[in-house]
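Coordinates in review
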Amino acid sequence: MPRWLPRAMVLALALIACFQLGNWAFHQLIGLLINVLIAFFVALAVEPAVGRMAARGMRRGLATFLVFFGVLIAGAGFIFLLGSMLAGQIVDMVEEFPKYLDSVINWINQTFHTDLSRVAVQDSLLHSDWLQKYVQNSASGVLDVSTTVLGGLFRLLTIFLFAFYFAADGPRLRRALCSVLPPAKQAEVLRAWEIAADKTGGYLYSRALMALISGVAHYILLAALGVPYAPALAVWVGLVSQFIPTIGTYLAGALPMLIAFTVDPWYAVWVLVFVVIYQQFENYVLQPKLTSKTVDIHPAVAFGSVIAGTALLGAVGALVAIPAVATLQAFLGAYVKRYDVTDDPRMHGRHRPRSGVTVLARIRRVLRQDRD
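What you see is a predicted model, and the numbers here were worked out from it, not measured in a lab.

Rules and cut-offs
Residues numbered from 1 in each chain as written. Predicted model: local features only at pLDDT ≥ 70, side-chain atom pairs only at ≥ 80, totals over all residues. Heavy atoms only, no water. Buried < 20%, exposed > 50% of the residue type's maximum accessible area, 1.4 Å probe, protein only. Helix = DSSP H or I, 4+ residues; strand = E, 2+ residues; numbered from the N terminus. Arc of directions from axis to C-beta. Salt bridge = Lys/Arg side-chain N within 4 Å of Asp/Glu carboxyl O. Expected span 1.5 Å × (residues − 1). Core = buried A, V, L, I, M, F, W, Y, C linked by side-chain atoms within 4.5 Å. Contact = heavy atoms within 4.5 Å. Phe/Tyr/Trp six-rings, centres within 6.5 Å; stacked < 30°, edge-to-face > 60°. Axes fitted to C-alpha atoms, helices over the stretch in contact; angles between N-to-C directions. Parallel < 35°, antiparallel > 145°, perpendicular 65-115°, else oblique. Left-handed = near helix turned anticlockwise from the far one by under 90°. Nonpolar A, V, L, I, M, F, W, Y, C, P; charged D, E, K, R; others polar.

A word on helix α7 (residues 170-178)
For α7, the full list of buried residues reads Gly170, Arg174 and Cys178. Buried residues of α7, viewed axially, fall in a sector of 65 degrees; they line one side. In α7, the exposed positions that point more than 90 degrees away from the buried face belong to Arg172 and Arg175.

Encoded structure:
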C-alpha cells in the first residue's frame, strides 16, 4: 500500500464529513438565513431616510427607531382598519344572508321551475356530512392556526430586530467588513452597498407612491358606487397590488368586488372592469415613468427575476428579486464596455434593402443627375 493512500482516505472521509455537517447546518438554519436576508433589504430600504436624519445631527439609533416606529404605526393602523372592515362586513353578510338566500332560491325556482324553500335548504345544509366534517376539522385545526400565527409574529419580530441593528449600526458594519479587505476591494464593496441602498430604497418608495395613486383612484370609484368601507378597501388595494408582484392587483381587487357584489351585482362588474383598465394604465404609463429613475430595469427582466426569485425563495424571493437584480445590473454596468451603434436600418426594425434594388436606385440617381 502506498504511504500516501491512508492519508488520502482520511482526508477524503474528513471532507465528506465536513460537507455533510455543513449541509445539515445549512438546512437547519435556512429559516434564519432567509430572515436575515429580508432584514438586510429592509435596512437598505430605510437607509436613505435614516442617513438624512443622521446628517442633520440626530443620533443614528434614534433616527432608526423613529423610522421603524412610523412603519409600525402605519402597519397597525392598516390592520385595524382592515380588521374592523372585515368584522363589520361579516356581521352584515350574516344578518343579510337569509335575504340573499331567498333571492337566489326565487331565481332558481323561476328559472328552472323548481319548488325549493329556504327552510329545506337550511335543514339539508345543517344535517349534511360535509358540514359536520368541516366543523370537526376546523376545531382540530385551531391549535395549528394559533401555532402558525405565533410563529409568524416571532419571525416578524426577528426580522425587525435584525433590520434595526443593520440600519442603526450600518457604518460600523461597513467598517468591520472593509477591515478584512484590501483598499481596492473596499471601494468596490462601499460602491455596491451604496447602489443596493439606492435601488432598494427607490424601488420601495416608487411602489409606495404607486400604492398611493392606486388607492386614491380606487377610492374615487368605490365612493362613487356607494360601496361601504371605501377608504379601507382603497388602502387594501393600494398596498396589496404593489407589494405582491405579478398577481397582486387581481388578489387585491377580489375583496372590493365581493363587497360591491353585496350592494349590487353590477357594481362588482364595474369594479372588475376598472381594475383591469387601471392595471394596463399602471403597467404601460405610470410604472415606467416612476421607476425609470429609481430601478431602471426592463419589464421582461423584472418579470423573469420575480419568477426566479419565487422558485428559489418563495414569496420572499419574489419581493427581493427586483431590487437585487437592479442592484446587480447597476453594479455590473460599470464593468461592461459599450460601443457606438452603427447606423443600420435593421437597428430600427427595418429590413436592409437588397443589393439589386440598391444598384437600381443608384442607376436612377445617376441618370437623374445627367438629365439635370
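Notes on the pattern of salt bridges
Following the criterion strictly, the structure yields two salt bridges and no others. Across the pair Arg60 and Glu47 runs a salt bridge, and its minimum N-O distance is 2.7 Å. Linking Arg60 in helix α3 (residues 60-112) with Glu47 in helix α2 (residues 30-55), this pair joins segments that are 13 residues apart in sequence. In this structure Arg60 comes out as buried when scored by relative accessible area, which is 16%. Two residues, Arg174 and Glu47, come together in a salt bridge whose shortest N-O distance is 4.0 Å. Linking Arg174 in helix α7 with Glu47 in helix α2, this pair joins segments that are 127 residues apart in sequence. Residue Arg174 shares its accessibility class with Glu47, and that shared class is buried. Within the structure, one salt-bridge network assembled from shared partners comprises Glu47, Arg60 and Arg174.

Section: helix α9 (residues 230-243)
For α9, spanning 14 residues, the distance from its first C-alpha to its last is 20 Å, which sits close to the expected 20 Å at 1.5 Å a residue. Taken together, the buried positions of α9 are occupied by Ala230, Ala232, Leu233, Ala234, Val237, Gly238, Val240, Ser241 and Gln242.

Regarding the nonpolar core
Ile34, Ile38, Ala39, Ala43, Val46, Val50, Ala63, Val67, Phe68, Ile159, Ala163 and Ala167 form the largest nonpolar core, which has 12 residues in total. Listed by contribution, the elements that provide at least two residues to this core are α2, α3 and α6 (142-168). The biggest single contributor to this core is α2, with six residues. Leu225, Val227, Ala230 and Val275 belong to the second largest nonpolar core, which has 11 residues in total.

Brief notes about the environment of Pro48
Along the chain, Pro48 falls in helix α2. Taking the C-alpha atoms as reference points, Pro48 and Gly202, 154 residues apart in sequence, are found 9.2 Å from one another. Discounting chain neighbours no more than four positions away, the residues touching Pro48 are Ala197 and Tyr205.

Considerations on the side chain of Asn35
With respect to the element layout, Asn35 can be found in helix α2. Asn35 sits in the buried class, given a relative accessible area of 9%. Ignoring sequence-local partners within four residues, the contact set of Asn35 consists of Arg155, Thr158 and Ile159.

Some words on the packing of aromatic side chains
In this structure the tally under the stated criterion is nine aromatic pairs. Look at Tyr278 and Phe281: their rings are 6.0 Å apart centre to centre, the planes differ by 50 degrees, and that puts the pair in the tilted class. Taken as a pair, Tyr278 and Phe281 lie in helix α11 (residues 265-291) at a separation of three residues, close to a single helical turn. By relative accessible area, which is 40% here, Phe281 ends up partly exposed. Members of the aromatic cluster, joined through ring pairs, are Phe40, Phe41, Phe162 and Phe166.

What to know about the packing of α9 against helix α10 (residues 248-263)
Think of two packed helices as two axes; the pair is described by the angle between the axes and how far apart they sit. Close contact between α9 and α10 brings their axes to 7 Å; oriented N to C, the two are set at 165 degrees. Of the possible angle classes, the one that applies to α9 and α10 is roughly antiparallel. Between α9 and α10 the crossing geometry is right-handed. Of the residues in α10, those in contact with Leu233, Trp236, Val237, Val240 and Ser241 of α9 are Gly248, Thr249, Leu251, Ala252, Leu255, Pro256 and Ile259. Per-class residue counts for the contact of α9 with α10 are nine nonpolar, three polar and no charged.

A look at the environment of Phe162
Tracing the backbone shows Phe162 in helix α6. Along the primary structure Phe162 and Asn35 are separated by 127 residues, whereas in three dimensions their C-alpha atoms are 8.3 Å apart. Residue contacts for Phe162: discarding those within four places in its chain leaves Leu32, Val36 and Ala39.

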